[in-house]
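Structural features, examined
Letter by letter, the chains look like this.
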Amino acid sequence: MPDQSPLPFATSLDDVYTPAALAHEGERWNNLFDSFEKEYGVDHKHLKVARAPGRVNIIGEHIDYCGFSVLPAAIERDVLIAFATSDPHPSFKGADLPAPSADGKTTFVLRNLSSKFTPTSFEVDLAGDGADLALPKDHHWSSYFIAGTKGILQHLSANAGTAPVTPPKRVLILVGGTVPEGSGLSSSSAMTTASAIAVLEVLGRRDGEDGVGRKDLTNVAIESERLVGVNSGGMDQSASVFSRSKHLLHVCFIPHLEARAIPLPKTSPPFSFVIANTLVKSEKKVTAKFQYNLRVVETRLGALLLAKFLGLPYTLESRPFPSYKTIVDAYFQHRGPTHGPIRSNSQRPEKLLRTMIGLIGQALGGPGLENGMTMAQVAQKLEVGEDVLAHAVTDREVEPQEGRYKIWTRARHVFSEALRVYEFKDILCRTAATSQRATPDADDPSKALLEQMGGLMNESMRSCQVDYECSCPELDEVVDIARRNGAIGSRVTGAGWGGATVSLVSEPDVPRFIEALKTEYYNKRYPNLSEQELADAVFPTKSEAGACVYQQS
Ligand code: NG1
Ligand code: MG
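The present account deals with the structure reproduced in this document. (Residues numbered from 1 in each chain as written. Chains lettered and ligands numbered in written order. Predicted model: local features only at pLDDT ≥ 70, side-chain atom pairs only at ≥ 80, totals over all residues. Heavy atoms only, no water.)

Remarks on helix H8 (residues 324–334)
Every α-helical turn comprises 3.6 residues, leaving residues that sit three or four positions apart pointing alike. Formally: The buried label goes to any residue with under 20% of its type's maximum accessible area, the exposed label to any with over 50%, and the partly exposed label to all in between, with areas taken from a 1.4 Å probe on protein chains only. Helix and strand labels come from DSSP, where a helix needs a run of H or I of at least four residues and a strand needs a run of E of at least two; each type is numbered from the N terminus. Here the arc refers to the set of directions running from the helix axis out to each C-beta atom.
Every buried residue of H8 is listed here: Tyr324, Lys325, Ile327, Val328, Tyr331 and Phe332. Angularly, the buried residues of H8 cover 165° about the axis, an arc narrow enough to put them on a single face.

Points about the site of ligand 1
Condition: Near, as used in this document, describes a residue that has one of its heavy atoms within 4 Å of the molecule or strand being considered. Polar contacts, as counted here, are pairs of nitrogen or oxygen atoms within 3.5 Å of one another; within protein the pair requires one atom able to donate a hydrogen and one able to accept it, and residues that are adjacent in sequence qualify only if both atoms are side-chain atoms. Using the Shrake-Rupley algorithm and a 1.4 Å probe, accessible areas are obtained, with residue cover drawn only from the displayed protein chains. Three classes are used, and their members are as follows: Ala, Val, Leu, Ile, Met, Phe, Trp, Tyr, Cys and Pro are nonpolar, Asp, Glu, Lys and Arg are charged, and the others, Gly among them, are polar.
Taken together, 18 residues are adjacent to ligand 1, and Arg55, Glu61, His62, Asp64 and Tyr292 come closest. Separating an oxygen atom of ligand 1 from a backbone N or O atom of Gly184 is a distance of 3.4 Å. A distance of 3.3 Å separates an oxygen atom of ligand 1 from a polar side-chain atom of Ser186. When isolated, ligand 1 has an accessible area of 440 Å², and the protein chains bury 97% of it. Classifying every residue of the shell around ligand 1 by side-chain character gives five nonpolar, seven polar and six charged.

A few points about the nonpolar core
Heads up, the condition is: Nonpolar cores are built from buried Ala, Val, Leu, Ile, Met, Phe, Trp, Tyr and Cys residues. Side-chain atoms within 4.5 Å join them into one set.
Membership of the largest hydrophobic core comes to 135 residues, with the highest contact counts inside it found for Phe68, Ile81, Phe145, Tyr324, Leu389, Phe415 and Phe424. Ranked by residue count, the leading element in this core is helix H12 (residues 407–437), at 12 residues. Membership of the second largest hydrophobic core comes to 23 residues, among which are Leu32, Val42, Leu47 and Val49.

Let's talk about the packing of helix H13 (residues 447–466) against helix H14 (residues 473–484)
Definition in use: Helix axes use the C-alpha atoms of the stretch in contact, all axes being lines fitted to C-alpha atoms, and the angles between their N-to-C directions lie in the range 0 to 180 degrees. The cut-offs work like this: below 35 degrees is roughly parallel, past 145 is roughly antiparallel, 65 to 115 is roughly perpendicular, and the gaps in between are oblique. Crossing handedness: left-handed means the near helix sits turned counterclockwise from the far one by under a right angle, and right-handed means the same turn made clockwise. The contact rule is simple, with two residues in contact once any of their heavy atoms fall within 4.5 Å.
For the pair H13 and H14, the least separation of the axes is 12 Å and the interaxial angle reads 160°. On the basis of their axis angle, the class for H13 and H14 is roughly antiparallel. The chirality of how H13 crosses H14 is left-handed. Note on element contacts: H14 touches H13 through Leu475, Asp476, Val479 and Arg483, opposite Asn458, Met461 and Gln465. Grouping the amino acids of the contact of H13 with H14 by side-chain chemistry returns three nonpolar, two polar and two charged.

Some details on unusual backbone geometry
With an omega of 5°, the peptide bond between Ile254 and Pro255 qualifies as cis. Counting through the fold element by element, Pro255 comes out in the loop between strand E7 (247–252) and strand E8 (258–263). Omega for the bond connecting Ser268 with Pro269 falls within 30 degrees of zero, at 0°, which places this linkage in the cis form. Among the structural elements, Pro269 can be located in the loop between E8 and strand E9 (271–277). The phi angle at Glu383 is positive, at roughly 60°, despite the residue not being glycine. In this structure, Glu383 sits in the loop between helix H10 (375–382) and helix H11 (386–393). Even without glycine at this site, Trp497 takes up a positive phi of about 55°.

Quick look at the layout of surface pockets
Formally: In the cavity and pocket records, a cavity denotes points on a 1 Å grid over the protein atoms alone where a 1.4 Å probe fits but cannot get out, a pocket denotes an open set with protein on both sides within 12 Å along at least 5 of 7 lines, and lining residues are residues with an atom within 4 Å of a point. Grid points are joined across faces, edges and corners, and a volume is the space filled by probe spheres set on the points.
The computed volume of the second largest pocket comes to approximately 800 Å³. If you go around the second largest pocket, you meet 29 residues; those closest to its centre are Tyr65, Glu223, Arg226, Ser232 and Pro320. Considering each element in turn, the lining of the second largest pocket owes the most residues, five residues, to helix H4 (residues 214–227). The residue inventory of the lining of the second largest pocket, partitioned by class, reads 12 nonpolar, 10 polar and seven charged.

Let's talk about the side chain of Arg170
Checked against the element boundaries, Arg170 lands in strand E6 (residues 170–177). Note on Arg170: relative accessible area 8%, which makes it buried. Only 2.6 Å separates the side chain of Arg170 from the backbone oxygen of Pro98, close enough to count as a polar contact.

Quick word on the sheet that holds strand E11 (residues 500–506)
Applicable threshold: Each pair of strands is called paired provided DSSP finds at least two bridges between the two strands.
Spatial ordering of the open sheet is given by E10-E11-E9-E12, a layout of four strands whose pairing is antiparallel. Among the strands making up the open sheet, the edge pair consists of strand E10 (487–492) and strand E12 (538–541). Averaged over all neighbouring strand pairs, the angle between strand axes comes to 25°, with direction disregarded. Of the strand pairs in this sheet, E10 and E11 are connected by five bridges, and their pairing is antiparallel.

Regarding the pattern of salt bridges
A side chain with one charge can pair with a side chain of the opposite charge if their charged atoms come near. To keep it simple, the criterion reads: We define a salt bridge as a contact between a side-chain nitrogen of Lys or Arg and a carboxyl oxygen of Asp or Glu at a distance within 4 Å.
Under the criterion given, the structure shown has 39 salt bridges. For the salt bridge of Asp132 with Lys105, the shortest nitrogen-to-oxygen distance reads 3.6 Å. Placement of Asp132 in the loop between strand E5 (120–124) and helix H2 (142–160) and of Lys105 in the loop between strand E3 (71–85) and strand E4 (106–112) is noted, with a sequence separation of 27 residues between them. Residue classification places Asp132 among the partly exposed residues on the basis of a relative accessible area of 42%. Looking at Lys105, the relative accessible area reads 25%, which means it is partly exposed. Residue Asp395 pairs with Arg300 through a salt bridge whose shortest N-O separation is 3.0 Å. Here the residue Asp395 occupies a position in the loop between H11 and H12, and Arg300 occupies one in helix H7 (residues 292–310), the gap between them amounting to 95 residues. Judged by its relative accessible area of 13%, Arg300 falls in the buried class. Bridged by salt links that share partners, the residues Arg295, Glu298, Lys406, Arg410 and Glu469 form one connected network.

What about the sheet that holds strand E13 (residues 548–550)?
Here we have seven strands laid out as an open sheet, ordered E1-E13-E2-E3-E6-E4-E5, and mixed in their pairing. Both outer strands of the open sheet, strand E1 (9–10) and E5, are each paired with one neighbouring strand and no more. As paired elements, E4 and E5 share five bridges and run antiparallel to each other. Bridging across to E5, Thr106 finds its partner in Val124. Strands in contact with helix H5 (residues 235–242) are strand E2 (48–59) and E3; relative to E2, the strand with the most contacts, it is inclined by about 120°.

So, the side chain of Thr493
Structurally, the position occupied by Thr493 is in the loop between E10 and E11. Thr493 sits in the buried class, given a relative accessible area of 0%. In terms of polar contacts, Thr493 uses its side chain to reach the backbone amide nitrogen of Asn57, at 2.8 Å. Leaving out residues up to four positions away in the same chain, Thr493 has contacts with Arg55, Val56, Asn57, Glu61, Ser183, Gly184, Leu185, Ala500, Thr501 and Val502.

What is shown is where atoms sit, not what they do.
Right, here's the structure in full:
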């Protein structure tokens, strides 16, 4: 069942973080409250905070937009949006704030704790459908907030009627985020998700009869973020909303969004996921046309060729496009793997994927195709005009190298990665099932268990390097140093081309592991980092709970 429960409302930080994270997060919240009071003159008792965490993806890279499931977890690093409506607070400092608009619209005043992000404001009709709301022409941090607002208003007007409350004249906002940007830890999704949550709460539509449940909220955040320019999948926003501490989240997208938390195994000694940021910024908004969005197009072309090869009906008219997952499902439902009776529902996804991996070479590969195909070649195979095809698959500008789309190697990554997610998930489920029955010391999964998990992470990395080409020399180097210094598995997390790695490390080895990264990577490449910058670059993470709204009781 899709989870439409309301987003949790927390009145104590104990409900927001695990004790380990809380030890260093409490001060930050106090600082946010104090700063809000200084900026706007509103006492912290009148504030609410929308919290949305960043995430680490443990396995399942670049397959969410192909429709396959992934296994991320939320982290303690998050975006906090403190907000208050100015109307009921006579104490608020109105002097240097934009005046409320006269025509019944609401003015959002946006400020950020970091001086890097300049203050701004925008007006919107909160009783409307968001159509009047335009994103800034030049990208600004507020783009995500505006996109989230637009998404919520669109959703409410399409599904649940407009806001029943009298919209406030002004909403005062102060944002404080700790997810490093461009690091593959989803700072942008944390920002979009937190923004959508704040607006929902301002409208009084988080819970109750006409509330927007977590699944719809997540879908809104996914669609909203696409407005900002990347054809992303839905992993990040799902992880931000649905995660549970000490669990990984198995997120499925087809036929509809579903997220199931699976407990992480308790091992002896325990293990940690350690994040190490290469500090090479992966600026998707700039690079998407020859990296992220290009990969999306390559997988769309692959899905069409696969459909043609399997004799399945497809159309170039429909959006969303047929994805690999939809094609595979259609094939197994209608034909069965041996063109026999329908047996697909009784088959495990692993088996279907293995069958598929056996087929894609014939469907998409062949001599010379490692180097890719031109749009004209794909169009010829599909027996459609090149322009028609190009128009259908490229809703955003892309720039393939020498005009060649590497359809086969990308597909090889997608199908093998989808299989690795199921294998990883099976390991977790099997362990969870046995430890429930076992005595405490039989609880400990063997070293072999961690090696299986780490092995899958390593294979995932190799596939990202070779077939998906989303690594970079610095990621390769960090992963290499990690594996030589205690990582049982290590891989890129997030889109890649820079950003962070995640490593599976036995807890007693963590200090030594981090020291080795400092000596071998950070001190060499970035000798001038402060202690704080280093602590922000490399840190162990426990998986944390997902988003919530907070108000002090
Ligand atoms: P990052 O790199 O964390 O922004 C992106 C996409 C995900 C997913 C991964 C690759 C966005 C918002 N998210 O994550 O949907 O496709 O890349 O697995 O662009
Ligand atoms: Mg991002």
